[in-house]
Amino acid sequence: APESAPPQGEASSQQSSQIESSKPEETSSGGASEPEETVKKAALSIGSDGEFQEYPWEYQGELTPDALIAAISDLTGWNLTLADGVTTGKGGMTVCFSKESALFVGPPDPQKEEFFMFDAESLDKTILDSIQRTLQYNFVDPELGDPASLDIYYCMEGDQPLTLPEIPVTLPIDQPYQGFTVE
(Lines give C-alpha, C1' and ligand atoms only; values in the text may rest on other atoms or scores of the structure.)
Protein backbone atom coordinates (compact mmCIF):
# COMPACT_ATOMS: atom_id res chain seq x y z
CA ALA A 1 0.00 0.00 0.00
CA PRO A 2 2.88 2.50 -0.40
CA GLU A 3 1.10 4.06 -3.41
CA SER A 4 -1.74 5.33 -1.20
CA ALA A 5 0.64 7.34 1.01
CA PRO A 6 2.22 9.95 -1.34
CA PRO A 7 -0.63 12.44 -2.10
CA GLN A 8 0.52 14.77 0.67
CA GLY A 9 2.97 16.52 -1.62
CA GLU A 10 5.21 13.80 -2.98
CA ALA A 11 2.82 12.63 -5.67
CA SER A 12 4.26 10.07 -8.06
CA SER A 13 4.76 11.23 -11.63
CA GLN A 14 1.65 9.30 -12.71
CA GLN A 15 -0.54 11.07 -10.14
CA SER A 16 0.88 14.52 -10.88
CA SER A 17 0.24 14.12 -14.62
CA GLN A 18 -3.40 13.29 -13.84
CA ILE A 19 -3.64 16.38 -11.63
CA GLU A 20 -2.05 18.55 -14.34
CA SER A 21 -4.49 17.36 -16.99
CA SER A 22 -7.53 18.12 -14.83
CA LYS A 23 -6.37 21.64 -13.90
CA PRO A 24 -6.99 23.50 -17.20
CA GLU A 25 -10.67 22.50 -17.21
CA GLU A 26 -11.20 23.91 -13.70
CA THR A 27 -9.42 27.23 -14.32
CA SER A 28 -10.80 27.85 -17.80
CA SER A 29 -14.40 27.71 -16.56
CA GLY A 30 -13.63 30.23 -13.82
CA GLY A 31 -11.82 32.60 -16.16
CA ALA A 32 -9.57 35.23 -14.67
CA SER A 33 -11.90 36.20 -11.83
CA GLU A 34 -12.13 32.89 -9.90
CA PRO A 35 -14.81 34.17 -7.50
CA GLU A 36 -14.16 31.56 -4.80
CA GLU A 37 -10.64 32.95 -4.32
CA THR A 38 -11.61 36.63 -4.07
CA VAL A 39 -10.33 38.35 -0.95
CA LYS A 40 -12.79 40.92 0.35
CA LYS A 41 -12.31 43.58 2.97
CA ALA A 42 -14.36 44.46 6.03
CA ALA A 43 -13.66 46.80 8.94
CA LEU A 44 -13.55 45.84 12.59
CA SER A 45 -14.49 48.72 14.90
CA ILE A 46 -12.94 48.54 18.37
CA GLY A 47 -13.86 51.06 21.04
CA SER A 48 -16.76 52.40 23.07
CA ASP A 49 -18.87 55.47 23.72
CA GLY A 50 -18.59 56.72 20.15
CA GLU A 51 -14.75 56.52 20.07
CA PHE A 52 -13.73 53.76 17.67
CA GLN A 53 -10.57 52.65 15.92
CA GLU A 54 -11.09 50.90 12.57
CA TYR A 55 -9.03 47.80 11.72
CA PRO A 56 -9.10 46.36 8.18
CA TRP A 57 -9.94 42.66 8.01
CA GLU A 58 -9.72 40.43 4.94
CA TYR A 59 -11.98 37.45 4.37
CA GLN A 60 -13.12 35.05 1.67
CA GLY A 61 -16.60 33.76 0.95
CA GLU A 62 -19.73 35.13 2.57
CA LEU A 63 -19.45 37.72 5.33
CA THR A 64 -21.23 36.49 8.46
CA PRO A 65 -21.80 38.12 11.86
CA ASP A 66 -20.13 35.11 13.52
CA ALA A 67 -17.00 35.55 11.39
CA LEU A 68 -16.79 39.25 12.28
CA ILE A 69 -17.07 38.49 16.00
CA ALA A 70 -14.39 35.78 15.68
CA ALA A 71 -12.17 38.30 13.89
CA ILE A 72 -12.62 40.82 16.74
CA SER A 73 -11.65 38.05 19.16
CA ASP A 74 -8.53 37.20 17.13
CA LEU A 75 -7.54 40.87 16.88
CA THR A 76 -8.02 41.79 20.55
CA GLY A 77 -7.31 38.51 22.30
CA TRP A 78 -10.70 38.69 24.07
CA ASN A 79 -12.62 35.43 24.32
CA LEU A 80 -15.86 36.12 22.46
CA THR A 81 -17.20 32.56 22.42
CA LEU A 82 -20.86 32.47 21.45
CA ALA A 83 -23.44 30.07 22.87
CA ASP A 84 -25.16 29.95 19.45
CA GLY A 85 -24.66 31.40 16.01
CA VAL A 86 -25.84 34.98 15.62
CA THR A 87 -29.50 35.00 14.64
CA THR A 88 -30.66 37.50 12.06
CA GLY A 89 -34.23 38.58 11.50
CA LYS A 90 -36.20 41.61 10.46
CA GLY A 91 -35.86 42.95 14.00
CA GLY A 92 -32.07 42.92 13.85
CA MET A 93 -29.36 40.54 15.05
CA THR A 94 -29.11 38.66 18.33
CA VAL A 95 -25.69 37.76 19.75
CA CYS A 96 -25.75 35.13 22.51
CA PHE A 97 -22.53 34.81 24.56
CA SER A 98 -21.28 31.62 26.18
CA LYS A 99 -20.17 31.48 29.82
CA GLU A 100 -16.54 31.19 28.64
CA SER A 101 -16.56 34.63 27.02
CA ALA A 102 -14.50 37.52 28.42
CA LEU A 103 -17.75 39.17 29.58
CA PHE A 104 -17.86 36.53 32.33
CA VAL A 105 -14.26 35.41 32.79
CA GLY A 106 -12.49 38.74 32.25
CA PRO A 107 -9.68 39.71 29.88
CA PRO A 108 -6.92 37.36 28.77
CA ASP A 109 -3.75 37.24 30.85
CA PRO A 110 -1.57 38.78 29.62
CA GLN A 111 -3.67 41.31 27.70
CA LYS A 112 -2.59 42.70 24.34
CA GLU A 113 -1.18 46.14 25.10
CA GLU A 114 -3.14 47.87 22.34
CA PHE A 115 -6.43 46.54 23.76
CA PHE A 116 -5.60 46.76 27.48
CA MET A 117 -8.65 47.21 29.72
CA PHE A 118 -8.30 48.36 33.32
CA ASP A 119 -11.62 47.14 34.68
CA ALA A 120 -14.63 44.93 33.96
CA GLU A 121 -16.86 47.87 33.08
CA SER A 122 -14.58 49.20 30.33
CA LEU A 123 -13.93 45.67 29.00
CA ASP A 124 -17.63 44.78 28.86
CA LYS A 125 -18.67 48.12 27.36
CA THR A 126 -15.89 47.94 24.75
CA ILE A 127 -16.80 44.36 23.77
CA LEU A 128 -20.51 45.14 23.37
CA ASP A 129 -20.00 48.52 21.66
CA SER A 130 -17.35 47.07 19.30
CA ILE A 131 -19.51 44.13 18.23
CA GLN A 132 -22.55 46.37 17.76
CA ARG A 133 -20.71 48.92 15.64
CA THR A 134 -18.81 46.29 13.62
CA LEU A 135 -22.04 44.46 12.74
CA GLN A 136 -23.93 47.66 11.95
CA TYR A 137 -21.24 49.11 9.69
CA ASN A 138 -20.61 45.85 7.81
CA PHE A 139 -24.27 44.98 7.20
CA VAL A 140 -25.74 48.45 6.54
CA ASP A 141 -24.05 50.53 3.86
CA PRO A 142 -23.80 54.09 5.31
CA GLU A 143 -24.51 55.43 1.81
CA LEU A 144 -27.80 53.52 1.64
CA GLY A 145 -29.06 53.80 5.19
CA ASP A 146 -28.22 54.55 8.79
CA PRO A 147 -26.05 51.76 10.27
CA ALA A 148 -27.59 52.52 13.69
CA SER A 149 -30.94 51.36 12.25
CA LEU A 150 -29.70 47.75 12.55
CA ASP A 151 -30.72 46.72 16.07
CA ILE A 152 -28.30 44.48 17.96
CA TYR A 153 -29.66 42.41 20.85
CA TYR A 154 -27.50 40.60 23.40
CA CYS A 155 -28.21 37.54 25.51
CA MET A 156 -26.31 34.79 27.27
CA GLU A 157 -26.41 31.00 27.27
CA GLY A 158 -29.93 29.59 27.54
CA ASP A 159 -31.44 32.68 25.86
CA GLN A 160 -31.23 34.56 29.16
CA PRO A 161 -30.86 38.34 29.53
CA LEU A 162 -27.17 39.25 29.43
CA THR A 163 -26.12 39.70 33.06
CA LEU A 164 -22.65 41.12 33.65
CA PRO A 165 -21.97 40.08 37.24
CA GLU A 166 -18.78 42.09 37.77
CA ILE A 167 -20.44 45.48 37.21
CA PRO A 168 -23.47 44.53 37.92
CA VAL A 169 -25.61 45.22 34.85
CA THR A 170 -28.37 43.19 33.20
CA LEU A 171 -29.32 44.01 29.61
CA PRO A 172 -32.92 43.26 28.61
CA ILE A 173 -33.21 40.52 26.00
CA ASP A 174 -36.17 42.19 24.27
CA GLN A 175 -34.64 45.64 23.74
CA PRO A 176 -31.87 46.56 21.32
CA TYR A 177 -28.51 47.36 22.90
CA GLN A 178 -28.12 51.11 23.55
CA GLY A 179 -25.03 50.98 25.75
CA PHE A 180 -25.31 50.86 29.51
CA THR A 181 -24.60 52.97 32.53
CA VAL A 182 -23.41 51.66 35.84
CA GLU A 183 -25.31 52.95 38.86
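Look up a bit, the structure's there.
What counts as what
Residues numbered from 1 in each chain as written. Predicted model: local features only at pLDDT ≥ 70, side-chain atom pairs only at ≥ 80, totals over all residues. Heavy atoms only, no water. Helix = DSSP H or I, 4+ residues; strand = E, 2+ residues; numbered from the N terminus. Expected span 1.5 Å × (residues − 1). Buried < 20%, exposed > 50% of the residue type's maximum accessible area, 1.4 Å probe, protein only. Contact = heavy atoms within 4.5 Å. Salt bridge = Lys/Arg side-chain N within 4 Å of Asp/Glu carboxyl O. Pairing = 2+ DSSP bridges.

**A few points about helix α2 (residues 65–76)**
Because an α-helix completes one turn every 3.6 residues, residues spaced three or four positions apart along the sequence face the same direction.
Move 1: Look at α2: 17 Å from first C-alpha to last across twelve residues, which is about the 16 Å you get at 1.5 Å a residue.
Move 2: The set of residues buried in α2 consists of P65, L68, I69, A71, I72, S73 and T76.
Move 3: Contacts from the buried residues of α2 go to β1 (39–48), β2 (51–60), β3 (87–89), β4 (92–97) and α4 (120–139).
Move 4: Directly beyond the C-terminal end of α2, a positive phi value near 90 degrees is found at G77.

**A look at the pattern of salt bridges**
Move 1: Under the counting rule described, the total for this entry stands at four salt bridges.
Move 2: In this structure, the salt-bridge partner of E54 is R133, at a minimum N-O distance of 3.6 Å. Of this pair, E54 sits in strand β2 while R133 sits in helix α4, and the two are 79 residues apart along the sequence.
Move 3: Using a relative accessible area of 23% as the deciding quantity, one classes R133 as partly exposed.
Move 4: With its nearest N and O atoms 3.5 Å apart, the salt bridge here joins E157 to K99. Here K99 lies in the loop between β4 and α3 (102–105) and E157 lies in the loop between β5 (152–156) and β6 (160–164), a separation of 58 residues in the sequence.
Move 5: When its relative accessible area of 28% is taken as the criterion, E157 is described as partly exposed.

**Side note on the pairing of β5**
Move 1: When you tally the buried positions in β5, you get four out of five residues, the bulk of the element.
Move 2: Pairing between β4 and β5: five bridges, direction parallel. Pairing of V95 across the sheet is with Y154, part of β5.

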